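# Structural description and commentary
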Amino acid sequence: MLRFESAAEASVRIGVDSYSYHRFFGELRSSELPVEEPWATEDFLNRCVELGVDGVSLETCYLDLSSDRAVDSLRQKLDKAGLDRVLAWGHPDGLAMGNDPSCFADALHAADVAARLDCELLRIVIGTVIHFGAEDEAEVIRRVVPLIDRIVRQADHHGLDVAIETHCDLTVGALSQVVAKIDSPRLGVVFDTANVVRIGEDLIAAAEVLAPHVKMAHVKDIDLANSTPDQPGGQWPGVPLGQGDLDLPRTLAILDQAGFDGLACVEVADTSPHWSEDEIVALSVDWLSANCQPRRIPCPG
């Protein structure tokens with residue numbers, strides 16, 4: 001086993017989540033303006049190749065997955081680009097906290113699609129910010145555990161892992177209970193550094209709890225001075241990594257110490273008046289490249 005001496009020496013594979021360019025795919029958050037030239041998926045993949053990243057996380061809501069032919073065409077484009085890939089299912093409401101059978105059926109189908117795309121991982125979400133704190137978490141856990149267990153078994157049939165994102169829906173404690181109840185090596189989490197802060201969790205404490213289960217990370221930095229504490233669905237301006245208020249070096253060190261070796265994906269949610277999403281992505285990729293280069297040293301024994 002290999003370990004690293006500090007956060008600056010942590011080893012990660014760098015990726016970009018397609019949600020970073022949600023405006024280019026026609027989705028506007030509050031106060032956002034449309035872009036002049038929309039993108040197709042191929043435009044996003046080309047930009048990721050230009051950035052020199054290792055992989056991508058593809059939000060299903062922006063993909064044409066209407067037929068096997070469309071899925072095969074996308075797989076060929078990913079293969080040609082030489083990109084690792086994660087299929088990110090569930091934006092925005094995911095399983096709707098276990099209350100929508102059609103969402104569950106769609107998640108099962110996403111596992112089949114992810115396998116056809118030769119993905120390494122299927123990202124799922126349980127809910128979103130509108131669900132946070134709306135009901136007792138024990139009841140949510142009771143409903144969703146059987147559903148997620150079934151999704152994991154579907155994915156396992158394809159040799160595929162599943163990861164639940166920290167998506168401003170459940171507390172860190174509740175999410176860790178879901179993972180523990182299913183207790184499968186195929187199941188883990190996508191650790192989003194901004195989302196845990198948005199729901200009032202301490203970033204470092206959350207990382208320490210979830211690190212053993214992290215299969216992918218959304219590495220975001222945010223401008224807390226211009227954010228809306230106690231309002232998870234409010235404004236949380238994204239900034240380039242290293243230029244915000246989150247302790248990302250320590251967070252990455254915690255993940256590394258737990259053996260994390262998945263994609264660390266740059267993701268932009270709320271845009272900032274001072275930066276375009278593409279500037280945030282490009283500078284963040286540079287930050288990860290500069291701060292997370294490996295200097296491997298063998299562990300004793």
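The text that follows walks through the structure, step by step, so that each part is easy to find. (Residues numbered from 1 in each chain as written. Predicted model: local features only at pLDDT ≥ 70, side-chain atom pairs only at ≥ 80, totals over all residues. Heavy atoms only, no water.)

With respect to the helices and strands, the residue Arg143 is situated in helix α4 (residues 137-157). Ignoring anything within four residues of it in the chain, the contact list for Arg143 reads Met97, Gly98, Asn99 and Glu135. (Helix = DSSP H or I, 4+ residues; strand = E, 2+ residues; numbered from the N terminus. Contact = heavy atoms within 4.5 Å.)

All told, the structure shown has 0 disulfides when counted by the stated rule. Cys103 takes part in no disulfide bond, and the closest cysteine sulfur to it belongs to Cys61, at a distance of 13 Å. Judged by relative accessible area, which is 17%, Cys103 ranks as buried. The closest cysteine sulfur to the non-disulfide-bonded Cys168 is located on Cys61, 16 Å from its own sulfur. (Disulfide = S-S within 2.5 Å. Buried < 20%, exposed > 50% of the residue type's maximum accessible area, 1.4 Å probe, protein only.)

A few words on the packing of helix α5 (residues 172-182) against helix α7 (residues 203-210). It is at 10 Å that the axes of α5 and α7 come closest, and there the two elements cross at 5°. The angle between α5 and α7 places the two elements in the roughly parallel class. Listed contacts from α7 to Val172, Leu175 and Ser176 of α5 are Ala206, Val209 and Leu210. Its residues assigned to classes, the contact of α5 with α7 comprises 5 nonpolar, 1 polar and no charged. (Axes fitted to C-alpha atoms, helices over the stretch in contact; angles between N-to-C directions. Parallel < 35°, antiparallel > 145°, perpendicular 65-115°, else oblique. Nonpolar A, V, L, I, M, F, W, Y, C, P; charged D, E, K, R; others polar.)

Our focus in this paragraph is the packing of aromatic side chains. Aromatic ring pairs are defined here through the distance separating the ring centres and the angle between the ring planes. Taken as a whole and assessed by the stated rule, the structure comprises 6 aromatic pairs. Consider the rings of Tyr21 and Phe24, whose centres lie 5.6 Å apart with planes at 75°: the pair is edge-to-face. A relative accessible area of 0% means that Tyr21 is categorised as buried. Look at Phe24 and you get buried, because its relative accessible area is 14%. (Phe/Tyr/Trp six-rings, centres within 6.5 Å; stacked < 30°, edge-to-face > 60°.)

With that settled, consider the side chain of Asp192. The topology assignment puts Asp192 in strand β7 (residues 187-192). Side-chain polar atoms of Asp192 contact the backbone nitrogen of Ala194, separated by 3.0 Å. Those residues within four positions of Asp192 in sequence are excluded, and the remaining contacts are Glu165, Thr166, His218, Lys220 and Glu267. (Polar contact = N/O pair within 3.5 Å; in protein donor to acceptor, adjacent residues only side chain to side chain.)

Mapped onto the elements, Leu263 comes out in strand β11 (residues 263-266). A relative accessible area of 0% means that Leu263 is categorised as buried. If we skip the residues at most four places from it in the chain, Leu263 touches Arg13, Ile14, Gly15, Asp54, Gly55, Val56, Val86, Glu120, Lys215, Met216 and Ala217.

Right, let's talk about the pattern of salt bridges for a bit. Per the counting criterion, the structure on display carries 22 salt bridges. The partner of Asp84 in a salt bridge is Arg13, with the nearest N and O atoms 2.7 Å apart. Taken together, the residues Asp84 in strand β4 (residues 84-88) and Arg13 in strand β2 (residues 13-17) connect sequence positions 71 residues apart. The class of Asp84 is partly exposed, set by a relative accessible area of 28%. (Salt bridge = Lys/Arg side-chain N within 4 Å of Asp/Glu carboxyl O.)

Alternating positions in β11 separate into two faces, Leu263 and Cys265 on one and Ala264 and Val266 on the other, with burial throughout. One ladder, built from 4 bridges, connects β2 with β11; its direction is parallel. Bridge pairing in β11 links Gly15 to Cys265. When strand β8 (residues 214-219) meets β11, the two strands line up parallel, connected through 4 bridges. The residue bridging Val219 from the neighbouring strand is Val266, located in β11. (Pairing = 2+ DSSP bridges.)

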